[in-house]
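Residue-level structure breakdown
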Amino acid sequence: MAAAVIILAAATAAWQPSPGSSGDGAAAGGSEAIFIAELGVLLLVGRLMGEAAQRIGQPALMGQLIGGLLLGPSVFGLIWPAAQHALFPGAVAQKDMLDAVADLGI
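Notes on the structure in this doc start here.

Cut-offs and rules
Residues numbered from 1 in each chain as written. Predicted model: local features only at pLDDT ≥ 70, side-chain atom pairs only at ≥ 80, totals over all residues. Heavy atoms only, no water. 1 Å grid on protein atoms, 1.4 Å probe; cavity = no way out; pocket = protein on both sides within 12 Å on 5 of 7 lines; lining within 4 Å. Points joined across faces, edges and corners; volume = space filled by probe spheres on them. Helix = DSSP H or I, 4+ residues; strand = E, 2+ residues; numbered from the N terminus. Nonpolar A, V, L, I, M, F, W, Y, C, P; charged D, E, K, R; others polar. Phe/Tyr/Trp six-rings, centres within 6.5 Å; stacked < 30°, edge-to-face > 60°. Buried < 20%, exposed > 50% of the residue type's maximum accessible area, 1.4 Å probe, protein only.

Using a probe with the size of a water molecule, rolled over the atoms, empty space left in the structure can be pinpointed. A volume near 180 Å³ is recorded for the second largest pocket. Around the second largest pocket sit Leu 39, Leu 42, Leu 43, Leu 98, Asp 99, Val 101, Ala 102 and Gly 105, which together line it. Secondary-structure elements contributing two or more residues to the lining of the second largest pocket are α2 (31-55) and α6 (92-105). Examining the composition of the lining of the second largest pocket, we find that 5 residues originate from one element, α6, more than from any other. The residue makeup of the lining of the second largest pocket, split by class, is 6 nonpolar, 1 polar and 1 charged.

Right, dumping it as structure tokens:
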């Protein structure tokens, strides 16, 4: 879990909108760092929740799905909205990168 905090801190530090930008998190040069942080946090939380689900006799996929729900706006966004928006910005290019990796996983 400490690794997730370090990755989140790195993503937050890399996300600094330029003065002329709309503040959507798509600062020049920061999108790759945010993308790597997104992947790292998603993999880490998915793995941890999958292991936890297996320990209680459920399939790992159930834990991974719960991990995805925990990282979404309903839980993570409710608890710490600034960090959720920093890690998962609403920029179209940022979403497209993550969607491409999700499509490869499918």
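For any pair of aromatic rings, geometry is given as the distance between the ring centres together with the angle between the planes. Counted under the stated rule, the structure contains 1 aromatic pair. Between Phe 76 and Trp 80 the ring centres are 6.3 Å apart and the planes differ by 90 degrees, which places this aromatic pair in the edge-to-face class. By relative accessible area, which is 46% here, Trp 80 ends up partly exposed.

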